[in-house]
Structure formats: C-alpha cells, structure tokens
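Remarks on the overall topology
Residue-level listing of the chains:
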Amino acid sequence: MVKRGLFVGRFQPVHNGHMKALEFVFSQVDEVIIGIGSAQASHTLKNPFTTSERMEMLIRALDEAGINKRYYLIPLPDINFNAIWATYVVSMVPRFDVVFTGNSLVAQLFREKGYEVIVQPMFRKDILSATEIRKRMVEGKPWEDLVPKSVAEFIKEIKGVERIRMLATNLEKNEKELQAPLRIPEF
C-alpha cells in the first residue's frame with residue numbers, strides 16, 4: 001500500500017528550508033500532500049503571495065529539485081479554531097498516514113487525533129525563514145540565494161519584491177485593515 005505524508009506550510013515564499021524539509025519528507029513516503037496554509041490570505045506583509053502564486057513556486061521548485069514522486073497541492077484556508085483544525089485538515093485533503101512538521105502545535109493537534117507525527121529537521125532557521133526573506137526584500141538586501149533559483153525568477157516575473165515593498169509603505173494604518181474582508185455596500 002502507498003504510504004502518504006502530509007506537510008503543511010504557508011510558503012510565503014517557498015525557500016531553501018522548505019525544500020530541504022520536503023526532500024526529507026519525500027525520502028520517507030511514496031506520496032506527499034502539501035497543504036498550502038492561509039490560502040485565503042494574500043497582499044499583506046505576512047502573506048504577500050496568492051495561493052496560485054505559491055502553488056506555482058512549489059511546482060517550479062520541486063521540478064528544479066528533480067522531485068519525481070507524486071504530490072498533491074491542496075489550499076487550506078485558515079479557520080482560526082485550533083481545537084478542530086486537524087479534523088478540518090483531514091476533511092480537506094486525501095487520506096494520509098503520517099504528518100511531517102516542525103511546528104509543535106501542529107504536532108500536538110495531529111497526535112491528539114491519533115496520527116503518527118514526524119518532526120522533520122529544521123535547516124538554518126535563523127536565515128531560512130520566509131519572514132527573513134520578506135524583510136530582506138523590503139530592505140533591498142540580497143535574498144535570492146535563500147530561495148530556489150526558479151522561485152527567485154518567478155518572484156521577479158510577478159514583481160513580488162515591488163508588491164512587498166508597496167505593502168511595507170504603511171499606506172494603511174495597520175495591516176489588520178489589509179486583512180479585513182472588503183465590504184461591498186448594499187443599495
């Protein structure tokens with residue numbers, strides 16, 4: 001029987017730490033479900049890229065890495081309800097046997113549901129973090145060596161750095177305004 005793993009991340013953007021973690025995950029199972037967390041969020045400093053942009057980054061990066069095992073990209077919008085989050089994820093993705101994570105809360109929530117959880121190794125978390133990469137983009141510092149080449153090229157294609165810098169200009173009083181749903185007036 002095929003052994004399938006689950007790996008969830010926001011991928012804002014996909015970086016070399018994600019790829020090292022995914023290489024480990026792919027070495028342990030036959031197929032991988034890659035959950036794209038906070039799927040509803042985009043165009044904020046914390047979540048600048050859309051789900052489709054993050055999917056494209058993953059497709060290009062996995063291709064660049066020569067990953068030829070089967071994988072599924074599944075958008076997972078936030079529900080902001082930790083007690084039922086694991087059940088929600090299970091309802092949104094194909095069957096899986098094991099969860100891979102570096103997040104202690106995710107590990108706890110899936111263990112409580114009876115799933116095997118493997119804490120994958122973390123790789124240079126000090127600089128291989130999406131937060132650090134976005135910060136470098138805003139500050140005009142080098143960031144390209146922290147992401148796969150194909151991801152750097154894609155971010156440039158979509159003018160992602162320019163988007164992040166615009167979001168950092170503080171045109172809005174606070175980022176929560178940017179995350180609030182748009183309200184269309186009723187007439």
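These numbers were taken from a predicted model, which means no experiment stands behind them.

Parameters and conventions
- Residues numbered from 1 in each chain as written.
- Predicted model: local features only at pLDDT ≥ 70, side-chain atom pairs only at ≥ 80, totals over all residues.
- Heavy atoms only, no water.
- Pairing = 2+ DSSP bridges.
- Helix = DSSP H or I, 4+ residues; strand = E, 2+ residues; numbered from the N terminus.
- Axes fitted to C-alpha atoms, helices over the stretch in contact; angles between N-to-C directions.
- Contact = heavy atoms within 4.5 Å.
- Buried < 20%, exposed > 50% of the residue type's maximum accessible area, 1.4 Å probe, protein only.
- Right-handed = clockwise from strand over helix to strand, strands pointing away.
- Salt bridge = Lys/Arg side-chain N within 4 Å of Asp/Glu carboxyl O.
- Parallel < 35°, antiparallel > 145°, perpendicular 65-115°, else oblique.
- Nonpolar A, V, L, I, M, F, W, Y, C, P; charged D, E, K, R; others polar.
- Phe/Tyr/Trp six-rings, centres within 6.5 Å; stacked < 30°, edge-to-face > 60°.

**Topic: the sheet that holds strand β5 (residues 116–119)**
The strand order β3-β2-β1-β4-β5 describes an open sheet built from five strands, whose pairing is parallel. Bordering the open sheet on either side are β3 (70–76) and β5, each of which pairs with just one other strand. Adjacent strand axes in the sheet meet at a mean angle of 25 degrees when their direction is disregarded. Sitting on the sheet, helix α3 (residues 82–92) is in contact with β1 (4–9) and β3, with an inclination near 125 degrees to β3.

**Some words on the environment of P48**
Mapped onto the fold, P48 is located in the loop between β2 (31–37) and α2 (51–64). Overall, P48 belongs to the buried group, its relative accessible area being 0%. Those residues within four positions of P48 in sequence are excluded, and the remaining contacts are Q12, S42, H43, E53, R134, R163, I164 and L167.

**Re the pairing of β2**
With seven of seven residues buried, β2 lies mostly within the body of the structure. Along β2, one buried face is formed by E31, I33, G35 and G37 and the opposite face, lined by V32, I34 and I36, is buried too. As defined by bridge partners, β1 adjoins β2 across six bridges and the pair is classed as parallel. In the strand pairing of β2, L6 is matched with I33. Handedness of the crossover joining β1 and β2 through helix α1 (residues 16–28) is recorded here as right-handed. A crossover links β2 with its parallel partner β3, the connecting element being α2, and its sense is right-handed.

**With respect to the pattern of salt bridges**
Under the defined criterion, the tally for this structure stands at ten salt bridges. The closest approach of N and O atoms between E31 and R4, which form a salt bridge, is 2.8 Å. With a gap of 27 residues between them, E31 in strand β2 and R4 in strand β1 connect regions that are remote in the sequence. In this structure E31 comes out as buried when scored by relative accessible area, which is 9%. Assessed through its relative accessible area of 12%, R4 is described here as buried. Residue E157 pairs with R60 through a salt bridge whose shortest N-O separation is 3.0 Å. Here the residue E157 occupies a position in helix α6 (residues 149–157), and R60 occupies one in helix α2, the gap between them amounting to 97 residues. Residue R60 is classed as partly exposed on the basis of its relative accessible area of 25%. What emerges from the salt-bridge pattern is a single network uniting R4, E31 and R70.

**Re the packing of helix α5 (residues 130–139) against helix α7 (residues 160–167)**
Close contact between α5 and α7 brings their axes to 9 Å; oriented N to C, the two are set at 85 degrees. The pairing of α5 with α7 is recorded here as roughly perpendicular in orientation. The residues of α7 that touch α5, namely those facing R134, M137 and V138, are V161, I164 and R165. By residue class, the composition of the contact of α5 with α7 is four nonpolar, no polar and two charged.

**Considerations on the packing of aromatic side chains**
Tallying each qualifying case throughout the model produces seven aromatic pairs. With 5.9 Å between their ring centres and 80 degrees between their planes, F96 and F110 make a pair best called edge-to-face. Of the two residues, F96 is situated in the loop between α3 and β4 (98–101) and F110 in helix α4 (residues 104–112); the sequence distance between them amounts to 14 residues. Each member of the pair, F96 together with F110, is buried. Between F96 and Y115, the ring centres sit 4.6 Å apart and the planes meet at 20 degrees, which makes this aromatic pair stacked. Residue F96 is found in the loop between α3 and β4, and its partner Y115 is found in the loop between α4 and β5; the two are separated by 19 residues along the sequence. Pairwise contacts between aromatic rings join W85, F96, F110 and Y115 into one cluster.

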